[in-house]
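Survey of secondary and tertiary structure
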Amino acid sequence: MTNPLYDPFQILTKVYSNKQYLKQAIAETNIEEAHRARTIKIAYGVLENDIFLEHCINMFAEKVPKLPVRILLKIATYMIYVLKKPQYMVTDNCVQLVKKLGKGGMSGFVNAYLRNFQIDRIPMPMDLILSRSLQYSYPVFAIERVIAEYDEAIVDKILEHKSPVAFIRFKDENTAKNYLEDESYKDKLQPTEFQNLYMANHFKRDKGYDKGEYTYQSIGSVAICDIVEKGDKLLEACAGPGGKSVLLSAKFNTITACELHPHRVELIKKYAQRMHVANMQAVCQDSMLLVQEYVNAFDAVLIDAPCSGYGVINANPDIKYFREENDIVALTNTQIDILENCANYVKRGGYLYYSTCSIFHAENDKIIKNFLQNNKNFIVEEITSPLGHVKKEFGLQFLPHISYGVGFYICKMKKIEG
């Protein structure tokens, strides 16, 4: 049996050393299948708690070790503190792995740290921002934004760690009914506010997935599609991997799914093929650059803008590790450029939808305010959703504590002239 720290170490080394996203690192690592669930839980858990684990190392280690040893200490600390594994067992496995990795000279250091580490002696700062940063492993800048933008009563609810929820969307009611009537599936599926979308609990993917009977799709993605009105032609900007375009293919006669990265264009094509969708085309296109043939050509344009991703960190904990405050400034510039450009593609009387998976005002209502000031030929349309949300000045803000653990934003605008 593989040392329980070894596979998580392989994955997290790719994240910390090579700056790979966690899902990519997992996909590219040869994991012992018998313990895959444990390995993935540890990898996700370490990144979810990265700032706190770093704090523990700083407090209990004699010195700050180099990255490979620091990764091992984070894994070991997580296993003791969160998973409640016996300290002696974790210590033995960690020391053995240090030696196996050719770093035997650090075995004494590792042993000393893990024997010194005591759960009930972890010092926490008195400052509220710093203590929340450690408690939730959020960067200080993100804590400050959440505190500044939301009522104190819900700040901790927004920041809390929550296990990501899986959702299954069936292609139609009959297919959903067939699965719900199957004794092996019915207890694993719970209905949501949206037709044919179910929370999945220990739902094991089967041949129905490959046949296009169902797909995995987040409730945020489905809620956005629910707000989009039917029409003839839709363009989705930044469309990869294609879930929204595929779902919206039932509302439009034709779909043009634009994506900047060629590999994501291929993902869109494969998604559409698996779900037997024939009325959409995937195009490799930079949504910040004007395509003359698209001007005034679409009944609706949906922009799922690149964003900080702070609404989906429960499923993507590496966001907290990779994202810096300066990134948000750069992202807002990109968001404005995409919105300004793609607005040209909307017909008079058509609709422009702007969405993100962010909880930050700077990426959401503030972007819309900026756009409306410069584009008087668009007005905001009133929208609502059956999913829990907060109404903002221009759009709807969905938040983790009322929206199944995810946060996202959607605004709908109508082109009234031009």
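Further up the page is the structure itself.
Residues numbered from 1 in each chain as written. Predicted model: local features only at pLDDT ≥ 70, side-chain atom pairs only at ≥ 80, totals over all residues. Heavy atoms only, no water.

1. Focus on the side chain of serine 137
Along the chain, the position of serine 137 falls in the loop between helix H8 (128-136) and helix H9 (140-149). Judged by relative accessible area, serine 137 falls into the buried class, the value being 2%. Sequence-distant contacts of serine 137, that is, excluding residues within four places in its chain, are made with Glu48, Asn49, Asp50, Ile51, Phe52, Arg132 and Lys320. (Helix = DSSP H or I, 4+ residues; strand = E, 2+ residues; numbered from the N terminus. Buried < 20%, exposed > 50% of the residue type's maximum accessible area, 1.4 Å probe, protein only. Contact = heavy atoms within 4.5 Å.)

2. Side note on the packing of aromatic side chains
Enumeration according to the criterion identifies 27 aromatic pairs in this entry. Ring centres 5.6 Å apart and planes at 85 degrees place the aromatic pair phenylalanine 167 and tyrosine 404 in the edge-to-face group. Within this pair, whereas phenylalanine 167 is found in strand S1 (residues 166-170), its partner tyrosine 404 is found in the loop between strand S12 (396-398) and strand S13 (408-415), the two being separated by 237 residues in sequence. Residue classification places phenylalanine 167 among the buried residues on the basis of a relative accessible area of 4%. (Phe/Tyr/Trp six-rings, centres within 6.5 Å; stacked < 30°, edge-to-face > 60°.)

3. Comments concerning unusual backbone geometry
In the segment running from glycine 240 into proline 241, the intervening peptide bond is cis, with an omega of 5 degrees. Summarising the element assignment, proline 241 is placed in the loop between strand S5 (231-237) and helix H14 (243-248). For histidine 202, which is not glycine, the phi dihedral falls at a positive 60 degrees. Within the secondary structure, histidine 202 is located in the loop between strand S3 (197-200) and helix H12 (207-210). Residue histidine 202 is classed as exposed on the basis of its relative accessible area, which comes to 67%. Of note, cysteine 238 is a non-glycine position whose phi angle comes to about 55 degrees, a positive value.

4. A look at the pairing of strand S6 (residues 252-259)
Of all eight residues in S6, six are buried, a share of seventy percent or more. Of the strand pairs in this sheet, S5 and S6 are connected by five bridges, and their pairing is parallel. For leucine 234, the partnering residue across the bridge sits in S6 and is isoleucine 255. Crossover connection from S5 via H14 to parallel S6: handedness right-handed. Pairing geometry for S6 and strand S7 (residues 280-284), over five bridges, is parallel. Considered in S7, the bridge of cysteine 258 is made with valine 283. For the crossover from S6 across helix H15 (residues 262-274) to S7, the handedness is right-handed. (Pairing = 2+ DSSP bridges. Right-handed = clockwise from strand over helix to strand, strands pointing away.)

5. Concerning helix H17 (residues 325-342)
Between its terminal C-alpha atoms H17 stretches 26 Å, which fits the 26 Å expected from 18 residues at 1.5 Å a residue. Listing the buried residues of H17 in full gives Ile328, Leu331, Thr332, Gln335, Ile338, Leu339, Asn341 and Cys342. Of the surrounding secondary structure, the elements contacted by the buried residues of H17 are H9, S5, strand S8 (298-304), strand S9 (346-356), helix H18 (365-374) and S13. (Expected span 1.5 Å × (residues − 1).)

6. Observations regarding the nonpolar core
Core analysis: the largest hydrophobic core is formed by 42 residues, its most contacted members being Leu5, Leu12, Leu22, Val46, Ile75, Val110 and Tyr113. Of all the elements in the fold, those that place two or more residues in this core are helix H1 (6-16), helix H2 (22-27), helix H3 (36-48), helix H4 (50-60), helix H5 (67-81), helix H6 (87-100) and helix H7 (107-116). No other element matches the nine residues that H5 contributes to this core. Leave out the neighbours within four places in its chain, and tyrosine 113 touches Cys56, Ile57, Phe60, Ala61, Leu73 and Thr77. Membership of the second largest hydrophobic core comes to 36 residues, among which are Val228, Leu234, Ala257 and Val265. (Core = buried A, V, L, I, M, F, W, Y, C linked by side-chain atoms within 4.5 Å.)

7. Quick word on the pattern of salt bridges
Tallied over the entire structure, the rule returns 14 salt bridges. Lysine 74 is the salt-bridge partner of aspartate 50, the closest N and O atoms lying 2.7 Å from each other. Separated by 24 residues along the polypeptide, aspartate 50 in helix H4 and lysine 74 in helix H5 bring together distant segments of the chain. Each member of the pair, aspartate 50 together with lysine 74, is buried. (Salt bridge = Lys/Arg side-chain N within 4 Å of Asp/Glu carboxyl O.)

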